[in-house]
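The chain contents come next:
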Amino acid sequence: MSQGLGYAPPEVGREGYRNLAMLLLGGVLCLTGVLLINQGVDLAKELGPRLVVSVGLLATGCLLVLVALSHLWPGTVTTTALFVSGLLCLVGSGLAAAEDPRGIACAVTLTLIGILLIAVGVRAVARSWRLVVGREEGVRGRRGRAHPF
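About the cut-offs
Residues numbered from 1 in each chain as written. Predicted model: local features only at pLDDT ≥ 70, side-chain atom pairs only at ≥ 80, totals over all residues. Heavy atoms only, no water. Helix = DSSP H or I, 4+ residues; strand = E, 2+ residues; numbered from the N terminus. Buried < 20%, exposed > 50% of the residue type's maximum accessible area, 1.4 Å probe, protein only. Contact = heavy atoms within 4.5 Å. Areas by Shrake-Rupley, 256 points an atom, 1.4 Å probe, with all protein chains shown as cover. Axes fitted to C-alpha atoms, helices over the stretch in contact; angles between N-to-C directions. Parallel < 35°, antiparallel > 145°, perpendicular 65-115°, else oblique. Left-handed = near helix turned anticlockwise from the far one by under 90°. Nonpolar A, V, L, I, M, F, W, Y, C, P; charged D, E, K, R; others polar. Salt bridge = Lys/Arg side-chain N within 4 Å of Asp/Glu carboxyl O. Expected span 1.5 Å × (residues − 1). Core = buried A, V, L, I, M, F, W, Y, C linked by side-chain atoms within 4.5 Å. Patch = residues over 30% accessible without salt bridge, like charges linked within 9 Å, V, L, I, M, F, W, Y side chains within 5 Å.

1. Some words on the overall build of the chain
Then comes step 1: Tallying secondary structure elements over the chain gives four helices and zero strands in all.
Then comes step 2: Taken across its 149 residues, the chain has 19% of its residues classed as buried.
Then comes step 3: The contacts of the chain with a sequence gap of at least 6 include a subset with a gap of at least 24, amounting to 71%.
Then comes step 4: Summed over its atoms, the accessible surface of the chain is roughly 11000 Å², and 68% of this surface lies on carbon and sulfur atoms.

Here is the structure:
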């Protein structure tokens, strides 16, 4: 130290600020997703049983058509019966939603977008938290493999 050289702390890069901003952004995305799901559920309460019947028939019809097109059971009679019953469920879903299709579509869309925002927000928070804490490599799982997030 007698030569005039002193200790200079390492420069703080912008990575720390970026990781903190991503952490906050992920939290805001999660909060926004929760609010959207709440709005979708409130709208679904107003619609009542029409929404439940419509979405239930839609899901059932899609699954029956998917099973029929996958040919899981041998025979054309079984496949045709599954496909026709799936189409009838889809038509029934449309008829159940015919009174207020905009409300049903809005409630389902708000809820799905909320779920998507929460999933993206949690992933962003997990990644940025790991970087803020300083573990830049993958977090080791129980079996020694790195998790994808």
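2. Side note on the packing of helix H1 (residues 15-47) against helix H4 (residues 101-133)
Describing two packed helices takes the angle between their axes plus the distance from one axis to the other.
Then comes step 1: Packing of H1 against H4 brings their axes to within 7 Å, and their N-to-C directions diverge by 160°. On the basis of the axis angle, H1 is roughly antiparallel to H4. As for the relative orientation of H1 and H4, their crossing is left-handed in sense.
Then comes step 2: Residue composition of the contact of H1 with H4, grouped by class: 27 nonpolar, 12 polar and no charged.

3. Focus: the pattern of salt bridges
Close approach of charged atoms lets side chains of opposite charge pair.
Then comes step 1: Within the structure shown, the criterion is met by one salt bridge.
Then comes step 2: We note a salt bridge from Arg-50 to Glu-99, for which the minimum N-O separation is 3.0 Å. Within this pair, whereas Arg-50 is found in helix H2 (residues 49-70), its partner Glu-99 is found in the loop between helix H3 (76-96) and H4, the two being separated by 49 residues in sequence.

4. Considering the side chain of Ser-54
Then comes step 1: With respect to the secondary-structure elements, Ser-54 resides in helix H2.
Then comes step 2: Judged by its relative accessible area of 4%, Ser-54 is buried.

5. Some points on the environment of Leu-47
Then comes step 1: Of note, Leu-47 is situated in helix H1.
Then comes step 2: Setting aside anything within four residues of it in sequence, one finds Leu-47 in contact with Asp-100, Gly-103, Ile-104 and Ala-107.

6. As for H4
Then comes step 1: Between its first and last C-alpha, H4 extends 48 Å over 33 residues, near the 48 Å set by a 1.5 Å rise per residue.
Then comes step 2: For H4, every residue scored as buried is listed here: Gly-103, Ile-104, Ala-107, Gly-114, Gly-121, Ala-124, Ser-128, Arg-130 and Leu-131.
Then comes step 3: Close packing links the buried residues of H4 with H1, H2 and H3.
Then comes step 4: Phi turns positive, to about 110°, at Gly-134, one or two residues after H4.

7. Here we look at the nonpolar core
Then comes step 1: Residues Leu-47, Leu-51, Ala-97, Ile-104 and Ala-107 constitute the largest nonpolar core, which totals five residues.
Then comes step 2: If near-sequence neighbours (up to four positions away) are discounted, Ala-107 is found in contact with Gly-40, Leu-43, Ala-44 and Leu-47.

8. A short note on the environment of His-71
Then comes step 1: With respect to the helices and strands, His-71 occurs in the loop between H2 and H3.
Then comes step 2: Looking at His-71, the relative accessible area reads 54%, which means it is exposed.

9. What about a nonpolar patch on the surface?
Then comes step 1: The grouping of Leu-69, Phe-83, Val-84, Leu-87 and Leu-88 at the surface amounts to a nonpolar patch, some 460 Å² of accessible area in total.
Then comes step 2: It is H3 that contributes the most residues to the nonpolar patch, four residues altogether.

10. A look at the environment of Thr-60
Then comes step 1: Mapped onto the elements of the fold, Thr-60 is located in helix H2.
Then comes step 2: In this structure the C-alpha to C-alpha distance between Thr-60 and Gly-86, which are 26 residues apart in sequence, comes to 7.0 Å.

11. Comments concerning H1
Then comes step 1: In this model, H1 (33 residues) spans 47 Å end to end at C-alpha, consistent with the 48 Å of a helix rising 1.5 Å per residue.
Then comes step 2: For H1, the set of buried residues is Asn-19, Leu-23, Gly-26, Cys-30, Gly-33, Gly-40 and Leu-47.
Then comes step 3: Packing partners of the buried residues in H1 comprise H2 and H4.

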